[in-house]
Amino acid sequence: MKLLPVANRINFKGLFTDKSRENHGQWKMEYQPYSWEMKNSREYGMSNQVDFDIFAKELPDNEKIFRRQVFKNIFNTQSIYMDCHDILGTKFYYTNVNSGSARDRIDEMKAMNLEDSLRVRDKKLAKFIELKEAKQQELKAMVEKEFKNFKVEEKKFEEATSDFHEDLSSRIRSKSSNKEIMDSSYRNMSGNVLFIKGGFDDYLRLENSKEAVKKLRESGQAMIRELETAREEGKLIDISRRDIYDPNKLLWQIMHDVKLAAGKLVALPHRTISVNELLKMIGSNVKEADIPAKCVRIVDELIHTRL
């Protein structure tokens, strides 16, 4: 049986696509969900937006980065704008606080298949790693600056301590003045140490989460290569889109001929599994006529449990 073709290669940079130019300049924002993305516990589609967290070990399916901007014109009048964009910079919401006008309509489109979903997520994870590394450099610079401040305060403390213990004739300042300097420097150094520790802890958090994201990206890239090879060789059974009627139909049809199906790869919404693996899970004591239905039941269970 001839396998159905997969969707055309993606020609947009993320889940959100700004179609305003094609809409005569009028606001038009489209959203194409990941294959695995869910609106709720039962329905596939656009998920709720989740605030972006630079320290997270993975990205939510639909991340939101909030921004508030204030502009002044030549008459010193303020205009306040608020907007939200994804990690790739696509703005999908904005409002003019002064006028109350907003652009927030999002048209939900059909979901991507697994391969295209992984390709989009790969772009986003690459940007995520880039942002983490930029934040690390920022933290490093802040810690280095704070350490210099610590050394300055340390020198002040040592000089005041030394002068404090000098004889009255040799002392530059009074003991009370030296005591004030020592107390002030001690407080400042304590603050420096806490800041340095916080910056160092955040740097380590970023490093650990960055490594987790890199591993996630590598596993996704390996799956992309697996899907690409199977697609090019005509061995891909793509049932990854679940927002269509009877999503398992292609698998059910192909499994009526076990010899033809053997060696093929099945794309689920969240992972891949080979037909040979499915057959092992079914077992050998099964009538050939029952294999298609049993394969579909196993696939549904894998999808439901996200195994």
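The rules behind these values
Residues numbered from 1 in each chain as written. Predicted model: local features only at pLDDT ≥ 70, side-chain atom pairs only at ≥ 80, totals over all residues. Heavy atoms only, no water. Helix = DSSP H or I, 4+ residues; strand = E, 2+ residues; numbered from the N terminus. Rg over C-alpha atoms; globule rule 2.2 N^0.38 Å. Buried < 20%, exposed > 50% of the residue type's maximum accessible area, 1.4 Å probe, protein only. Contact = heavy atoms within 4.5 Å. Areas by Shrake-Rupley, 256 points an atom, 1.4 Å probe, with all protein chains shown as cover. Lys, Arg positive; Asp, Glu negative; His and termini not counted. Charge placed at Lys NZ, Arg CZ, Asp CG, Glu CD. Phe/Tyr/Trp six-rings, centres within 6.5 Å; stacked < 30°, edge-to-face > 60°. Pairing = 2+ DSSP bridges. Expected span 1.5 Å × (residues − 1). Arc of directions from axis to C-beta. Axes fitted to C-alpha atoms, helices over the stretch in contact; angles between N-to-C directions. Parallel < 35°, antiparallel > 145°, perpendicular 65-115°, else oblique. Nonpolar A, V, L, I, M, F, W, Y, C, P; charged D, E, K, R; others polar.

Looking at the overall build of the chain
- The helix and strand inventory of the chain stands at 6 helices and 11 strands.
- Taking 2.2 N^0.38 as the reference for a compact globule, 307 residues should give roughly 19 Å; the C-alpha atoms of the chain span a radius of gyration of 30 Å, well beyond that estimate.
- Overall, the chain is about 105 × 55 × 30 Å in size when its C-alpha atoms are taken along their principal axes.
- Out of the 307 residues in the chain, the part that is buried amounts to 37%.
- By sequence separation, contacts in the chain at least 24 residues apart represent 62% of the contacts at least 6 residues apart.
- As presented, the chain carries roughly 18500 Å² of accessible surface, and 51% of it is formed by carbon and sulfur atoms.
- Between the mean site of the 55 positive side-chain charges and the mean site of the 50 negative ones, the chain shows a separation of 2 Å.

Description of the packing of aromatic side chains
- A complete count under the given rule lists 7 aromatic pairs for this structure.
- Ring centres 4.6 Å apart and planes at 20° place the aromatic pair Tyr-34 and Trp-36 in the stacked group.
- Owing to a relative accessible area of 3%, Tyr-34 belongs among the buried residues under this scheme.
- Accessibility expressed as a relative area gives 9% for Trp-36, which makes it buried.
- Taken together, the aromatic side chains of Phe-16, Tyr-31 and Phe-92 make up a single cluster linked through ring pairs.

Re the sheet that holds strand β2 (residues 29–31)
- The mixed open sheet is built from 3 strands, whose spatial order is β1-β2-β8. Each edge of the open sheet is held by one strand with a lone partner, namely β1 (16–18) and β8 (107–108).
- Of the pairings in the sheet, the one linking β1 to β2 comprises 3 bridges and is antiparallel in character. Its bridge partner being in β2, Thr-17 is matched across the sheet by Glu-30.

Details of helix α6 (residues 291–305)
- Given a rise of 1.5 Å per residue, 15 residues ought to cover 21 Å, and the 21 Å separating the end C-alpha atoms of α6 matches this to within 8%.
- All of the buried residues along α6 are Ile-291, Pro-292, Cys-295, Val-296, Ile-298, Val-299, Leu-302 and Ile-303. Axial view of α6: buried residues confined to an arc of 165°, hence all on one face. Turned more than 90 degrees away from the buried face of α6 sit Arg-297 and His-304, all of them exposed.
- Buried-residue contacts for α6 involve α3 (249–254), α4 (258–261), β11 (272–274) and α5 (275–282).
- Within two residues after α6, Arg-306 carries a phi angle of roughly 60°, on the positive side.

Points about the sheet that holds strand β10 (residues 265–267)
- With respect to topology, 3 strands assemble into an open sheet ordered β9-β10-β11, the strand pairing being mixed. The outermost strands of the open sheet, each flanked by one partner alone, are β9 (236–238) and β11. Taking the axes of each pair of neighbouring strands and ignoring which way they run, one obtains an average angle of 25° across the sheet.
- Looking at chain direction, β9 and β10 are connected through 3 bridges and run parallel. Bridge pairing links Asp-238 to Ala-267 in β10.
- Sitting on the sheet, helix α2 (residues 175–232) is in contact with β9, β10 and β11, with an inclination near 120° to β10.

Re the packing of α5 against α6
- Here α5 crosses α6 at 100°, and the two axes come no closer than 10 Å. As judged from the angle between their axes, α5 and α6 are roughly perpendicular. When α5 is examined against α6, the residues Leu-278, Leu-279, Met-281 and Ile-282 are found in contact with a partner set consisting of Ile-291, Lys-294, Cys-295, Ile-298, Val-299 and Leu-302.
- Along the lines of polarity and charge, the residues of the contact of α5 with α6 split into 9 nonpolar, no polar and 1 charged.

Some details on unusual backbone geometry
- Residue Asp-246 is not a glycine yet carries a positive backbone phi of 50°.
- Following the sequence through the fold, Asp-246 ends up in the loop between β9 and α3.
- Its identity is not glycine, yet Arg-306 carries a phi of approximately 60°, on the positive side.
- Mapped onto the elements, Arg-306 comes out in the segment after α6.

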